[in-house]
Structure formats: structure tokens, C-alpha cells
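# Chain and residue survey
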Amino acid sequence: MKTVEIKKKRGRPVVLIFYYIFWAAILILLGALFVSQMEIYNELRADLTRLNADVEREQDRYRSLTYELERLDRDDYIERLARDILGMVRPNEIVFRNMAN
């Protein structure tokens, strides 16, 4: 029968311990970098949402102003303003005034 020698395990070599410490430090730094980048990403997403809402609001305002401009630029509206506010009449038109007061 053969005899088997049992070798005692020695502590891990110092180089291997430094190797694990190095990679643990790298992972911790990458985790911290990831967290900070996620905070920046979340802030940018909030800004994007706010800016998209601003764009929609300004587009609605633009459509409203375009509609108002088209309404005000019509000839019948301009003629009504000229008659009512400025008291203008068409050529060869007869004007009657109420002189009872």
C-alpha cells in the first residue's frame, strides 16, 4: 500500500491577494462610475421630457397664431374694421346718419 503524503496548505501567495484587491477596486470604481452616469442620464431624461412638453406647447401656440393670422387677414374682416372703427365707406356709397339726437 502506498502512503499518501498530506501537504498542509499554506496561505495564498501575496501576489494573488493583491490581484484580487486590484480587481475588487476596479469593480468598485466601475460601479461608482455607473451610478454617477445613471444620475446624469436620469437628469437628461427629465430635461428631455420637459423640453418635449415645451415643444408641444409652442407648436400649439404656433397653430393658434397661424389660425388667428388667417382669420384676421381675410378681406371681410378688414372691411368691417375699416367701416366700424375708421368710418370708411366705399366709393359711390351713400351714407345715412341719424341726426335725431
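Here the structure is a predicted model, which means the values were calculated and not measured. (Residues numbered from 1 in each chain as written. Predicted model: local features only at pLDDT ≥ 70, side-chain atom pairs only at ≥ 80, totals over all residues. Heavy atoms only, no water.)

Another point: the overall build of the protein. On a plain count of helices and strands, the protein comes out with two helices and zero strands. In the form shown here, the protein has an accessible surface area of approximately 10700 Å², with 62% of it arising from carbon and sulfur atoms. (Helix = DSSP H or I, 4+ residues; strand = E, 2+ residues; numbered from the N terminus. Areas by Shrake-Rupley, 256 points an atom, 1.4 Å probe, with all protein chains shown as cover.)

Now for unusual backbone geometry. A positive phi is found at Asn 92, a non-glycine position, where the angle reads about 65 degrees. Within the secondary structure, Asn 92 is located in the segment after α2 (75-84).

Another aspect to go through is the packing of aromatic side chains. Applying the stated rule across the entire model yields three aromatic pairs. Between the aromatic rings of Tyr 19 and Trp 23, the centroid separation amounts to 6.4 Å while the plane-to-plane angle is 75 degrees, which identifies the pairing as edge-to-face. Taken together, the residues Tyr 19 and Trp 23, both in helix α1 (residues 14-72) and four residues apart, mark about one turn of the helix. One aromatic cluster is present, formed by Tyr 19, Tyr 20, Phe 22 and Trp 23 through successive ring pairs. For Arg 71, the ring lying beneath its charged end belongs to Tyr 77, and the centroid distance is 5.4 Å. (Phe/Tyr/Trp six-rings, centres within 6.5 Å; stacked < 30°, edge-to-face > 60°. Lys NZ or Arg CZ within 6 Å of the ring centre and 35° of its normal.)

Attention now moves to the pattern of salt bridges. Scanning the model with the defined rule gives ten salt bridges in all. Two residues, Asp 47 and Arg 50, come together in a salt bridge whose shortest N-O distance is 3.9 Å. Of this pair, Asp 47 and Arg 50 both sit in helix α1, separated by three residues, roughly a single helical turn. For Asp 47, a relative accessible area of 34% translates into the label partly exposed. Classification of Arg 50 by relative accessible area gives partly exposed; the value is 46%. (Salt bridge = Lys/Arg side-chain N within 4 Å of Asp/Glu carboxyl O. Buried < 20%, exposed > 50% of the residue type's maximum accessible area, 1.4 Å probe, protein only.)

This next bit is on a nonpolar patch on the surface. A cluster of nonpolar side chains, Val 14, Ile 17, Phe 18 and Ile 21, forms an exposed patch at the surface whose accessible area comes to about 410 Å². With respect to the helices and strands, the residue Phe 18 is situated in helix α1. Take Phe 18: its relative accessible area is 55%, and that puts it in the exposed class. (Patch = residues over 30% accessible without salt bridge, like charges linked within 9 Å, V, L, I, M, F, W, Y side chains within 5 Å.)

In this fold, Arg 71 is placed in helix α1. Residue Arg 71 is classed as partly exposed on the basis of its relative accessible area, which comes to 31%. Of the polar contacts made by the side chain of Arg 71, one reaches the side chain of Glu 68; its length is 2.7 Å. (Polar contact = N/O pair within 3.5 Å; in protein donor to acceptor, adjacent residues only side chain to side chain.)

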